[in-house]
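Below, each chain spelled out in residue letters.
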Amino acid sequence: MSDALRVERLYGAAVTPHLPAVAALRIAVFRDWPYLYDGSADYEAHYLATYARSPRSLFVLAFDGGQVIGASTAIPLADETDAFREPFLARGIDPARVFYFGESVLLPAYRGRGLGHAFFDAREARARELGFATAAFCAVERSADDARRPPGHRDNDAFWIKRGYARQDDLFCRLDWQETGAAQAQTHELRFWLRELEPR
């Protein structure tokens, strides 16, 4: 990671002053493949409020000077919304055991500098600190032959597998969002990835 960049960890409501910057970053990054998310400030404020309300949540923010150029979030799954908890309950997994990683977003110019690993390291450390046995996240899946897939695009599967996460074949959530160029919101299926956390 460049010496010019810094990473800060914030918990619960301490992130409040940075929420508009995190919302704008999410809208910008998720507009690209594979999410193609046509985001709104109102939706982002509602979504991020769930994390800010949880005193055990984590925001890992990357700064270049005073600008937020990357953000990664995590929260006890029990503090998440029903859309994320219910797939675990249906599979017989107690949400109280799971620390959920919301997302990592990073401006393209700052990729390849180790921030992706820093985001995972910080979230896994927080999960262990709080005594969680399992880390989880979910990601949207797109067809390999989707005409909108950028040439040469590489999915993150290899990175996640190297970090010890296992792709789940029977654990999905469904979320609605409006894609760029679409007239209305659509339902999207996101697959969960899990890792059992060994104590350190």
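Chains are numbered independently. Their residues run from 1 in the order of the written sequence. Totals for whole chains, interfaces and linings use all residues, but because this is a predicted model, local features are given only for residues with pLDDT of at least 70 and pairs of side-chain atoms are given and counted only at 80 or more. Think of the side-chain values as coming from all heavy atoms in the structure, minus any hydrogens and water.

Caption draft 1: Broad picture of the overall build of the chain. Each helix is a run of DSSP H or I of at least 4 residues and each strand a run of E of at least 2, with the numbering of both proceeding from the N terminus. For the chain, the count of helices and strands is five helices and seven strands. In the chain, the order of α-helices and β-strands from amino to carboxyl end is β-α-α-β-β-α-β-α-β-α-β-β. A compact globule built from 200 residues should have a C-alpha radius of gyration of about 16 Å, and the chain, at 16 Å, falls within 12% of that. Reported as C-alpha extents along the three principal axes, the dimensions of the chain are approximately 45 × 45 × 35 Å. Radius of gyration: C-alpha atoms only; globule rule: 2.2 Å multiplied by the number of residues to the exponent 0.38.

Caption draft 2: View of the packing of aromatic side chains. Think of it this way: a Phe, Tyr or Trp ring, Trp meaning its six-membered ring, pairs with another when their centres are within 6.5 Å, and the plane angle makes it stacked under 30 degrees, edge-to-face over 60, tilted otherwise. Tallying each qualifying case throughout the model produces 20 aromatic pairs. Linked through ring pairs, Phe99, Phe101, Phe120, Phe132, Phe137, Phe159, Trp160, Tyr165 and Trp193 together constitute an aromatic cluster. Sitting over the face of the ring of Phe63, Arg6 holds its NZ or CZ atom 4.2 Å from the ring centroid. The residue whose ring lies beneath Arg123 is Phe120, and the NZ or CZ to ring-centre distance is 4.6 Å. Counted as over-ring charges are cases with an Arg CZ or a Lys NZ within 6 Å of the ring centre that also lie within 35 degrees of the ring normal.

Caption draft 3: Up close: the side chain of Glu80. By secondary structure assignment, the location of Glu80 is in the loop between β3 (67-76) and α3 (82-90). The cut-offs for exposure are 20% and 50% of the maximum accessible area for each residue type, with area from a 1.4 Å probe on protein chains only; residues under the lower value are buried, those over the upper are exposed, and the others partly exposed. Asp and Glu count as negative and Lys and Arg as positive, but His and the ends of the chain are not part of the count. Salt bridge criterion: a side-chain nitrogen from Lys or Arg within 4 Å of a carboxyl oxygen from Asp or Glu. It is Arg85 that comes nearest to the buried, bridge-free Glu80 among opposite-charge side chains, at 6.4 Å. Here a polar contact means two N or O atoms within 3.5 Å. Within protein one must be a hydrogen donor candidate and the other an acceptor candidate, and residues neighboring in sequence count only if both atoms are side-chain atoms. Of the polar contacts made by the side chain of Glu80, one reaches the side chain of Thr81; its length is 3.2 Å. Residue contacts follow a heavy-atom distance rule, with two residues in contact if any of their heavy atoms lie within 4.5 Å. In contact with Glu80, other than residues within four places in its own chain, are Thr50, Tyr51, Ile75, Arg85 and Tyr100.

Caption draft 4: Main features of the pairing of strand β4 (residues 98-106). Counting buried residues along β4, eight of its nine residues qualify, which places the element largely inside the surrounding structure. Taken together, the six bridges between β3 and β4 define a ladder with antiparallel strand orientation. The residue of β4 that forms the bridge with Gly70 is Leu106. Note on pairing: two strands pair once DSSP finds at least 2 bridges between them. One ladder, built from three bridges, connects β4 with strand β5 (residues 134-140); its direction is parallel. Pairing of Tyr100 across the sheet is with Ala136, part of β5. Read as a crossover between parallel neighbours, the route from β4 over helix α4 (residues 115-129) to β5 is right-handed. Whether a crossover is right-handed depends on one test, that the path from the first strand over the helix to the second runs clockwise when the strands point away from the viewer.

Caption draft 5: Summary view of the sheet that holds strand β6 (residues 166-177). An order of β1-β2-β3-β4-β5-β7-β6 is seen for the seven strands of this open sheet, with the pairing classed as mixed. Each edge of the sheet is formed by a strand with only one pairing partner; in this case those strands are β1 (5-11) and β6. Within the sheet, the average angular offset between the axes of one strand and its neighbour, ignoring direction, is 25 degrees. Relative to strand β7 (residues 186-196), β6 runs antiparallel, the two sharing eight bridges. Within β7, the position partnered with Arg167 by the bridge is Trp193. Lines fitted to C-alpha atoms define the axes, with helix axes restricted to the stretch in contact, and inter-axis angles between N-to-C directions lie between 0 and 180 degrees. Packing against the sheet, helix α1 (residues 19-30) makes contact with β2 (58-64), β3 and β4, and its axis sits at approximately 75 degrees to β4.

Caption draft 6: View of the pattern of salt bridges. Going through the model one piece at a time under the given rule, you end up with 22 salt bridges. The salt bridge partner of Arg167 is Glu141, with a shortest N-O separation of 3.3 Å. Here Arg167 is found in strand β6, whereas its partner Glu141 is found in the loop between β5 and α5 (157-162), with 26 residues between them in sequence. Relative accessible area serves as the criterion here: at 37%, Glu141 is assigned to the partly exposed category. Between Arg195 and Glu198 there is a salt bridge, and its shortest N-O distance comes to 2.9 Å. Within this structure, Asp121, Glu124, Arg128, Arg163, Arg195 and Glu198 form a network of salt bridges that share partners.

Caption draft 7: Fine view of unusual backbone geometry. With omega at 5 degrees, the peptide bond leading from Trp33 into Pro34 counts as cis. Within the element layout of this structure, Pro34 appears in the loop between α1 and α2 (41-53). Within the chain, Leu36 stands out as a residue other than glycine whose phi angle is a positive 55 degrees. Mapped onto the secondary structure, Leu36 falls in the loop between α1 and α2. Look at Leu36 and you get buried, because its relative accessible area is 10%.

Geometric descriptors of this kind do not, in isolation, establish any biological role.
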